[in-house]
Amino acid sequence: MSYLGRFISETSGRVNLRKLFDHFYANGINILEDIRFKDVIRTLNAGEDGTASPETSTLFDRPIMTFQDEVSPGVVDHIAERNKCFRKFLVDERFVIPNFGQFRSEIEEIYEECKEFTSGEITTYIPSLSMYHHDSWAVSFCSIDGQVFNVGDYTDMFTIQSVTKPILYGTLRTFVDITYRVRCVS
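Residues numbered from 1 in each chain as written. Predicted model: local features only at pLDDT ≥ 70, side-chain atom pairs only at ≥ 80, totals over all residues. Heavy atoms only, no water.

What to know about the pattern of salt bridges
Inspection of the entire model under this criterion finds four salt bridges. Here Arg6 makes a salt bridge to Glu93, at a shortest N to O gap of 2.5 Å. Of this pair, Arg6 sits in the segment before strand S1 (15-16) while Glu93 is found in the loop between helix H4 (84-90) and helix H5 (100-115), placing the two residues 87 residues apart along the sequence. The class for Glu93 is partly exposed, based on a relative accessible area of 36%. Residue Arg94 pairs with Asp92 through a salt bridge whose shortest N-O separation is 3.8 Å. Looking at Asp92, the relative accessible area reads 36%, which means it is partly exposed. (Salt bridge = Lys/Arg side-chain N within 4 Å of Asp/Glu carboxyl O. Helix = DSSP H or I, 4+ residues; strand = E, 2+ residues; numbered from the N terminus. Buried < 20%, exposed > 50% of the residue type's maximum accessible area, 1.4 Å probe, protein only.)

Next up, the structure:
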């Protein structure tokens, strides 16, 4: 359980959930919303005695039903034994993007640079595009292991139109022979 040392409260000797969750967030993993960690949250919600608490505590300005803000190292170790993703990210520290903070900073810098480009006209020949607000701008990223970063107006609804082309091409690559692909796509 030496991997838990940085999350242990000096005063109580227990795992501080704020520090633990912050580790995941700093690496692009939203443990509270990621389906892979549903059982982790359920275990933490149940508390050490196995019964859910009716009280709500807040971690990272997000409500989480939890027994307390600290748990024994044994609870976290038990979770790490049962949940492979939790173990991969917490114990083994295996992230596709190991320095996610630097990656996030670089994406934010690119986002800010590109945000300045406002020339062009809104397309009107497609009705759904004509309703698009020209000031909306966002970048969203998700790695193959679930590291997520969003910046800008990423919660705004938008029409995907040509954004589907790379997705369709990737699907095409999976199922169709290269000779046929070149003939169709070229």
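Quick notes on the environment of Phe141
Positionally, Phe141 belongs in strand S5 (residues 138-142). Judged by its relative accessible area of 26%, Phe141 falls in the partly exposed class. As a C-alpha pair, Phe141 and Arg104 span 37 residues in sequence and 9.6 Å in three-dimensional space. Look past the residues within four positions of Phe141 in its chain and what remains in contact with it is Ile97, Phe100, Phe103, Gln147, Val148, Phe149 and Asn150. (Contact = heavy atoms within 4.5 Å.)

Considerations on the packing of aromatic side chains
Applying the stated criterion across every chain, the model contains seven aromatic pairs. On the basis of an interplanar angle of 50° and a centroid distance of 6.4 Å, the ring pair of Phe37 and Phe89 is categorised as tilted. You can see Phe37 sitting in the loop between helix H1 (17-26) and helix H2 (38-46) and its partner Phe89 sitting in helix H4, a full 52 residues away along the chain. Under the relative-accessibility criterion, Phe89 is labelled buried at 0%. The interplanar angle of 55° and the centroid separation of 4.7 Å between the aromatic rings of Phe103 and Phe141 together place this pair among those described as tilted. With Phe103 in helix H5 and Phe141 in strand S5, this pair connects stretches of sequence that are 38 residues apart. In this structure an aromatic cluster arises from ring pairing among Phe24, Phe37, Phe86, Phe89 and Phe95. (Phe/Tyr/Trp six-rings, centres within 6.5 Å; stacked < 30°, edge-to-face > 60°.)

A short note on a negative patch on the surface
On the surface, Glu106, Glu108, Glu109, Glu112, Glu113 and Glu116 cluster together to form a negatively charged patch. With respect to the helices, strands and loops of the structure, Glu113 is situated in helix H5. Glu113 gets classed as partly exposed once you look at its relative accessible area, which sits at 45%. (Patch = residues over 30% accessible without salt bridge, like charges linked within 9 Å, V, L, I, M, F, W, Y side chains within 5 Å. Areas by Shrake-Rupley, 256 points an atom, 1.4 Å probe, with all protein chains shown as cover. Lys, Arg positive; Asp, Glu negative; His and termini not counted. Charge placed at Lys NZ, Arg CZ, Asp CG, Glu CD.)

Things to note about the side chain of Gln147
Tracing the backbone shows Gln147 in the loop between S5 and strand S6 (148-152). Gln147 sits in the buried class, given a relative accessible area of 0%. At 2.9 Å, the side chain of Gln147 and the backbone nitrogen of Ile97 are in polar contact. (Polar contact = N/O pair within 3.5 Å; in protein donor to acceptor, adjacent residues only side chain to side chain.)

Thoughts on helix H7 (residues 164-175)
The first and last C-alpha atoms of H7 sit 17 Å apart over 12 residues, in line with the 16 Å expected at 1.5 Å per residue. Buried residues are scarce in H7, accounting for zero of its 12 residues. (Expected span 1.5 Å × (residues − 1).)

Focus on the confidence of the model for the chain
On average, the chain scores 82 in pLDDT, and the residues at 70 or more come to 83%. Predicted confidence for residues 54-67 stays below pLDDT 50, and this span has 43 contacts to residues more than four positions away or in other chains. (pLDDT = per-residue confidence, 0-100.)

Overview of the packing of H2 against helix H3 (residues 73-82)
It is the contact of H2 with H3, at a shortest axis distance of 10 Å, that shows an interaxial angle of 155°. Taken as axis vectors, H2 and H3 run roughly antiparallel relative to one another. In the crossing of H2 with H3, the sense of the turn from one axis to the other is right-handed. Mapping the contact onto sequence places Asp39, Val40, Thr43 and Leu44 in H2 and Val75, Ile79 and Arg82 in H3. Class assignment for the residues of the contact of H2 with H3 results in four nonpolar, one polar and two charged. (Axes fitted to C-alpha atoms, helices over the stretch in contact; angles between N-to-C directions. Parallel < 35°, antiparallel > 145°, perpendicular 65-115°, else oblique. Left-handed = near helix turned anticlockwise from the far one by under 90°. Nonpolar A, V, L, I, M, F, W, Y, C, P; charged D, E, K, R; others polar.)

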